[in-house]
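Fold and geometry: a report
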Amino acid sequence: MKLYFSPGACSLSPHIALLEAGLPFTTEKVNIRKRLTESGADFMAINPKGYVPALELDNGTILTEGVAITQYIADQAPDKQLTPAHATAEHYQLLEWLNFIGTEIHKNYSPLFNPASSDDAKAGARAALAKRFALVAQRLEGRDYLIGERFSVADGYLFTVLNWAAVVQFDLAPYPVLQAFHARIAARPAVQQAMRDEGLLG
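Our focus in this paragraph is the overall build of the protein chain. On a plain count of helices and strands, the protein chain comes out with nine helices and five strands. The C-alpha extent of the protein chain, read off along each of the three principal axes, is 45 × 45 × 35 Å. Counting all 202 residues of the protein chain, 46% fall into the buried class. Residue pairs in contact within the protein chain that sit at least 24 positions apart in sequence constitute 61% of those at least 6 positions apart. If you sum the accessible surface of the protein chain, you get close to 9,900 Å²; carbon and sulfur atoms cover 52% of it. A distance of 4 Å separates the average location of the 18 positive side-chain charges in the protein chain from that of its 21 negative side-chain charges.

When the charged atoms of two side chains with opposite charge come close together, those side chains can pair. For the structure shown, the criterion picks out five salt bridges. Between Glu20 and Arg188 there is a salt bridge, with the nearest N and O atoms lying 2.7 Å from each other. Residue Glu20 is found in helix α1 (residues 12-21), and its partner Arg188 is found in the loop between α8 (176-186) and α9 (189-197); the two are separated by 168 residues along the sequence. A relative accessible area of 13% places Glu20 in the buried class. Classification of Arg188 by relative accessible area gives partly exposed; the value is 21%.

For the rest of this paragraph, the subject is the packing of helix α4 (residues 89-106) against helix α6 (residues 119-140). The geometry of α4 relative to α6 is characterised by a closest axis approach of 10 Å and an angle of 155° between their N-to-C directions. By the angle class used here, α4 and α6 are roughly antiparallel. Between α4 and α6 lies a crossing whose hand is left-handed. Residues Gln93, Trp97, Phe100, Glu104 and Ile105 of α4 form the contact with α6, whose own contacting residues are Leu129, Arg132, Phe133, Leu135, Val136 and Arg139. Considering only residue class, the contact of α4 with α6 consists of seven nonpolar, one polar and three charged.

So, how was this worked out
- Residues numbered from 1 in each chain as written.
- Predicted model: local features only at pLDDT ≥ 70, side-chain atom pairs only at ≥ 80, totals over all residues.
- Heavy atoms only, no water.
- Helix = DSSP H or I, 4+ residues; strand = E, 2+ residues; numbered from the N terminus.
- Buried < 20%, exposed > 50% of the residue type's maximum accessible area, 1.4 Å probe, protein only.
- Contact = heavy atoms within 4.5 Å.
- Areas by Shrake-Rupley, 256 points an atom, 1.4 Å probe, with all protein chains shown as cover.
- Lys, Arg positive; Asp, Glu negative; His and termini not counted.
- Charge placed at Lys NZ, Arg CZ, Asp CG, Glu CD.
- Salt bridge = Lys/Arg side-chain N within 4 Å of Asp/Glu carboxyl O.
- Axes fitted to C-alpha atoms, helices over the stretch in contact; angles between N-to-C directions.
- Parallel < 35°, antiparallel > 145°, perpendicular 65-115°, else oblique.
- Left-handed = near helix turned anticlockwise from the far one by under 90°.
- Nonpolar A, V, L, I, M, F, W, Y, C, P; charged D, E, K, R; others polar.

Function-wise, these values are silent; they only describe arrangement.
Here it is, written out as structure tokens:
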């Protein structure tokens, strides 16, 4: 498999999942602004949506959207238990958290990354993030992970979006539970490897 990524972007989540799963894969960096891969290929021909992540499967199929990709990865390595067993309540909780992170946290960063966003749009995004982070902190109170007693692909995705707080100067100090979670996930060997591979660690 080949993962198309941009350093520190949401593609970090499937990158972490692939390493946690222990699956063989390669990576190729994408310049999102130029829509070119590191080898000079037209990224729009690979993923017409124009953004990462994209995962090329061994049979040439291209999967896009991080939530779908991480679920696929987890299903390829069932022994790693990166997703709870299908058709269990915990599996639907995983889907719930993946969707919440994607739609309520990930997307609320968009105005903060967009130089054209108005001050009002940025203030609204910060207020929305504050509410969402408070909910997640409440969920993680007394827990190491979002679901059950094991790391799941939802934890990798949450770690990825929490990374962006520093980039947009969103202070996580009011959420010590989130800071502790972020540090705990950051210490995992697979997470360290993904961060090194993407040039995010010295």
